[in-house]
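These are the residues of each chain, in order.
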Amino acid sequence: MSRIGIRCLALIAVLIGACGPSSPAEPTAPPAEPTTLTVMTHDSFEVSQEVVAAFEQEHNARIQFFKAGDAGTALNQAILSRESPLADVLYGVDNTFLSRALEEGIFEAYNSPLLSQIPDEFKLDPGNRALPVDYGDVCLNYDRGYFDQRDLAPPTRLEDLTQPEYADLTVVQNPATSSPGLAFLLATIGHFGVDSYRDYWADLQQNGVLVVSDWETAYYGEFTLHGGERPIVVSYGSSPPAEVYFADPPIDEPPTGVVTAEGSCFRQIEFVGILQGTQVRDLARAWVDFMLSPTFQEDMPLNMFVFPVNPNAALPDVFAAHLVIPDQTAQVAPDAIAANREAWIEQWRNVTLR
């Protein structure tokens, strides 16, 4: 047979083989199921869905948020359930409750690489069990319209609230259950001193101060701006930009004012920590890193109206335009809070709730 014939037979054999039955394909492994991470937070926690979705996609995760009440209540739940944790991560413990969280040993240490970007002033736990996420100033807020309509000057300092013209106008949160409530109690201790703050609270009680359990009840239930009967409320220096941002119809100026006289506000720092007993430690660490990253930090101001601790995070324009920052906040040392918090709360109870 000629060379051409041999080549033709070879080509035919190849073609027949190509058209014949193919060998079965190797089975493809199904994609791994997302890992669930449960994050316990206070009731005021909010985050944009697209921000969470980006994290979930990157880490093949499903984030489940568990809102457990005000910060004090959430911490209590984390402590009571530490033998069988309800979550993997706890966010929202602030510097007023931090020492209790650390004493109870509910967090495991984690030295996040993002900590190098955070200023030292926010790092209150040398053991890196609780990592700073955000901060805000707890201050008295007032309803501008209420005072304008009555031709009554709004309060400008803490002492004003004890005057007859402000009787029955103020609502505060219980410091035993509310982190802004405890922050405001500490503001009065820092402003008046440990020997005189009880006298101030006795005067407030005589002047008709209303005490409620948490910030949501005070601000959205009792504050006149939202349908209540009290035009003075303990809230935040960032309430004005929040009111402008959410206003419908739009407004140019905030309807709330903030009392910022020297020593009338207390700076609150909020932390995140990995709960002891988590079964998804690597994912929990990744989430903590994410909360400290500019992506998450830039999302916070218009969701929770707090300041990012990461200086690389930019503030939204509306937030920067209307926020109120006190020149000098009340000062109470962290070790003094740790040593005296429960005693101060009990003294407050004896004066205010008697």
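A.B. asks: Tell me about the state of the cysteines, residues and numbers included.
C.D. replies: Under the criterion given, the structure shown has one disulfide. Note that Cys139 is cross-linked by a disulfide to Cys265, the S-S spacing being 2.2 Å. Where Cys139 bonds to Cys265 through sulfur, the torsion about that S-S bond is close to 120°, and the disulfide is right-handed. Taken together, the positions of Cys139 in strand E5 (residues 131-143) and Cys265 in the loop between strand E9 (256-258) and strand E10 (266-275) put the pair 126 residues apart, joining distant regions of the chain. Side by side, Cys139 and Cys265 carry an identical accessibility label, which is buried.

A.B. asks: Got a sec to walk through helix H8 (residues 215-222)? Specific residues and values, please.
C.D. replies: Within H8, the full set of buried residues consists of Trp215, Ala218 and Tyr219. Here the buried residues of H8 occupy an arc of 80° about the axis, which is enough to place them on one side. For H8, the capping residue at the N-terminal end is Asp214, with a side-chain oxygen 3.3 Å from the backbone nitrogen of Glu216.

A.B. asks: Outline the pairing of strand E2 (residues 61-67), listing residues and values.
C.D. replies: Relative to E2, strand E1 (residues 35-41) is paired through seven bridges, and the arrangement is parallel. Each bridged residue has a counterpart across the sheet, and for Thr35 the counterpart in E2 is Ala61.

A.B. asks: Break down the packing of aromatic side chains for me, citing the residues and quoting the values.
C.D. replies: Under the defined criterion, the tally for this structure stands at 26 aromatic pairs. Ring geometry for Trp215 against Tyr219: centres 5.0 Å apart, planes inclined by 15°, an arrangement best described as stacked. Taken as a pair, Trp215 and Tyr219 lie in helix H8 at a separation of four residues, close to a single helical turn. For the pair formed by Trp215 and Tyr219, the shared burial category is buried. The structure contains a cluster of three or more aromatic residues connected by ring pairs, namely Phe45, Phe55, Phe65, Tyr91, Trp287, Phe290 and Phe296. Lying across the ring of Tyr146, Arg150 places its NZ or CZ 3.7 Å from the centre.

Parameters at a glance
- Residues numbered from 1 in each chain as written.
- Predicted model: local features only at pLDDT ≥ 70, side-chain atom pairs only at ≥ 80, totals over all residues.
- Heavy atoms only, no water.
- Disulfide = S-S within 2.5 Å.
- Helix = DSSP H or I, 4+ residues; strand = E, 2+ residues; numbered from the N terminus.
- Buried < 20%, exposed > 50% of the residue type's maximum accessible area, 1.4 Å probe, protein only.
- Arc of directions from axis to C-beta.
- Polar contact = N/O pair within 3.5 Å; in protein donor to acceptor, adjacent residues only side chain to side chain.
- Pairing = 2+ DSSP bridges.
- Phe/Tyr/Trp six-rings, centres within 6.5 Å; stacked < 30°, edge-to-face > 60°.
- Lys NZ or Arg CZ within 6 Å of the ring centre and 35° of its normal.

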